[in-house]
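Each chain, letter by letter, is given below.
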Amino acid sequence: MKVLLIGDFSNYHRALGDGLLQLGHDVTVASSGTQWLNTERDVDLRRRPGKLGGALLYARLNSTLLPRLSGYDVVQVCSPLFVELKPGRVSRVFDKLKQRNGKIYLTALSTDSHLVERLSGPNTPLRYSEWQVDSCPTPFALSDVNMRREWLAPEMVEHDRHIYANVDGAVTALYEYHKIIEDAIPAERLAYAGIPIDLRKVKPSAMPPSGAGNPVRIMVAYPRARMIEKGADRLVAVARELERRYPGRIVVDEVTQLPYNLFVERIKQSHIIVDQLYSYTPGTTALLAMAMGRVTVSGGEEEYYQFIGEGSLRPIVNTDPADLDETMRRLEAVAADRDRLMAMATEGPEFVRRHNDAVEVAKRFERFWEKS
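Residues numbered from 1 in each chain as written. Predicted model: local features only at pLDDT ≥ 70, side-chain atom pairs only at ≥ 80, totals over all residues. Heavy atoms only, no water.

Draft legend 1. Region of interest: the overall build of the protein. If you tally the helices and strands in the protein, you get 15 helices and 14 strands. Over its C-alpha trace the protein gives a radius of gyration of 21 Å, about what one expects of a compact globule, namely 21 Å for 372 residues. Here the C-alpha coordinates of the protein stretch approximately 65 × 45 × 40 Å along the principal axes. Sequence-distant contacts, at least 24 apart, represent 68% of the contacts inside the protein between residues at least 6 apart. Of the accessible surface of the protein, which amounts to about 15,800 Å², a share of 50% is contributed by carbon and sulfur atoms. Separation of charge centres in the protein, based on 49 positive and 49 negative side chains, amounts to 5 Å. (Helix = DSSP H or I, 4+ residues; strand = E, 2+ residues; numbered from the N terminus. Rg over C-alpha atoms; globule rule 2.2 N^0.38 Å. Contact = heavy atoms within 4.5 Å. Areas by Shrake-Rupley, 256 points an atom, 1.4 Å probe, with all protein chains shown as cover. Lys, Arg positive; Asp, Glu negative; His and termini not counted. Charge placed at Lys NZ, Arg CZ, Asp CG, Glu CD.)

Listed below in structure tokens is the structure:
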């Protein structure tokens, strides 16, 4: 099949594209490179700053870029806002893609108005999220009183509903997204695929030395603009407290805004990667680290393991946003015990091979396209 993957977050569509290429498909990835990550793409959709930048990108999408985004059997858009334009303009670009290609699907990778409405309102299907923990607003939800209103503005809601109503189906990247979206898209038009990691490029590497004068290195990774959303502000405090308790034995390294290739190299220099607080599911950073044989601190709830059918491997230090002291105890138990650290680290590559190998994720997309 001829496949177009348009838009990207955290290298998802690029890794998926590489998996699909290995299965023999003809794949084009069109994206902005996800800002500072500068991920690989075949068609560049970067927007220049300011209103003029939006006008120029919109003009390009309707002229010189349009032939390159036409004639595909399958199109996957990475979220309702799959290009950096106002919602009304994105709707018009979507309609042209639908007219000029075969089937078009949503890859549920990121925030949209439906997600915000369900996570920040009453009767949310999840015990916690970046918006609420046990029905109480999080620091992220309180950090900007206008944020929820902007996500739920009429033009945003109208656009997202237009995308949901007109895609041929949706494929979810996370357990959380699946639980939220399943009340908006019928089961026959919905599938879970997980996050793809290209295991040809990401391989286990030797742990840095630890013990006997070599400290355990804890890397806390976060995008600067999303520090509070990811809960990194609270996780940094947890890691720094352990650094204070174990002087010379634990060292904390805060990493933000690195290009993708440099980011991967930084993971190799660490023993433990602290990713995010409010997730049930390991995200891309956590999975990259696990594939490389590093312990991760991220979402690893039993609901997630049951959802993916994993009965034995538990390679993640699960965070608890309702109890940071418990999160600290879990991290301390691993950081202070080299045998436990190494045992968990050895489970990571096998977990990613079972559930997140880019080829296996691509096969899930392939099966969904064939049946829908």
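What follows continues from the structure just given.
Draft legend 2. Fine view of the packing of helix H9 (residues 232–245) against helix H13 (residues 324–335). Between H9 and H13, whose axes approach to 10 Å, the crossing angle comes to 50 degrees. Here H9 is positioned oblique relative to H13, judged by the angle of their axes. For the crossing formed where H9 meets H13, the hand is right-handed. Here Arg-234, Leu-235, Val-238, Glu-241, Leu-242 and Arg-245 of H9 come into contact with H13, specifically with Leu-324, Thr-327, Met-328, Leu-331 and Glu-332. When grouped by side-chain class, the residues that make up the contact of H9 with H13 number six nonpolar, one polar and four charged. (Axes fitted to C-alpha atoms, helices over the stretch in contact; angles between N-to-C directions. Parallel < 35°, antiparallel > 145°, perpendicular 65-115°, else oblique. Left-handed = near helix turned anticlockwise from the far one by under 90°. Nonpolar A, V, L, I, M, F, W, Y, C, P; charged D, E, K, R; others polar.)

Draft legend 3. Spatial organisation of the packing of helix H1 (residues 12–22) against helix H15 (residues 358–371). Following both chains from N to C, one finds H1 and H15 inclined at 80 degrees, their axes separated by 8 Å at the closest point. Judged on the interaxial angle alone, H15 and H1 are roughly perpendicular. Taking contact as the criterion, the partners of Tyr-12, Ala-15, Leu-16, Gly-19, Leu-20 and Gln-22 in H1 are, on H15, Ala-358, Val-359, Val-361, Ala-362, Phe-365 and Trp-369. Across the contact of H1 with H15, the residue classes break down as ten nonpolar, two polar and no charged.

Draft legend 4. The arrangement of H15 in detail. With 14 residues, H15 ought to run about 20 Å at 1.5 Å a step, and its terminal C-alpha atoms sit 20 Å apart, in line with that. Regarding H15, the residues found buried are Ala-358, Val-359, Val-361, Ala-362, Phe-365, Glu-366, Phe-368 and Trp-369. (Expected span 1.5 Å × (residues − 1). Buried < 20%, exposed > 50% of the residue type's maximum accessible area, 1.4 Å probe, protein only.)

Draft legend 5. Molecular detail of the sheet that holds strand S13 (residues 295–298). With parallel pairing, five strands are arranged side by side in an open sheet as S11-S10-S12-S13-S14. The open sheet has two free edges, formed respectively by strand S11 (250–255) and strand S14 (316–318), since each of these has just one partner strand. Taking each pair of neighbouring strands and ignoring which way they run, the sheet shows an average axis angle of 25 degrees. Against the sheet, H13 touches strand S10 (216–221), S11, strand S12 (272–274), S13 and S14, its axis set at about 150 degrees to S14. (Pairing = 2+ DSSP bridges.)

Draft legend 6. Main features of the pattern of salt bridges. Tallying each qualifying case throughout the model produces 26 salt bridges. Glu-241 is the partner of Arg-245 in a salt bridge, and the nearest nitrogen-oxygen pair spans 3.0 Å. Taken as a pair, Arg-245 and Glu-241 lie in helix H9 at a separation of four residues, close to a single helical turn. With relative accessibility at 40%, the residue Arg-245 sits in the partly exposed group. (Salt bridge = Lys/Arg side-chain N within 4 Å of Asp/Glu carboxyl O.)

Draft legend 7. Representation of the sheet that holds strand S8 (residues 169–172). Spatial strand order, S3-S2-S1-S4-S5-S8-S9: seven strands in an open sheet with parallel pairing. Sheet topology places strand S3 (43–44) and strand S9 (190–192) at the edges, where each strand pairs with a single neighbour. Here strand S5 (residues 103–108) pairs with S8 via four bridges, running parallel. Looking at S8, one finds that Leu-106 is bridged to Ala-170. Contacting strand S1 (2–6), strand S2 (26–31), strand S4 (74–77) and S5, H1 crosses the sheet at an angle of about 170 degrees to S1.

Draft legend 8. Representation of the nonpolar core in the model. With 119 residues, the main nonpolar core has Ile-6, Tyr-12, Leu-61, Phe-82, Ile-218 and Ile-272 as its most contacted residues. The greatest single-element share of this core, amounting to six residues, is contributed by H9. In contact with Ile-272, other than residues within four places in its own chain, are Val-216, Arg-217, Ile-218, Met-219, Val-295, Val-297, Leu-331, Val-334, Ala-335 and Leu-341. (Core = buried A, V, L, I, M, F, W, Y, C linked by side-chain atoms within 4.5 Å.)

Draft legend 9. Spotlight on helix H11 (residues 284–291). Of all eight residues in H11, eight are buried, a share of seventy percent or more. Turning to H11, its buried residues are Thr-284, Thr-285, Ala-286, Leu-287, Leu-288, Ala-289, Met-290 and Ala-291. On the buried face of H11, the contacting elements are S10, helix H10 (260–268), S12, S13, S14 and helix H14 (338–355). Gly-293 occupies a position one or two residues after H11 and carries a positive phi of about 85 degrees.

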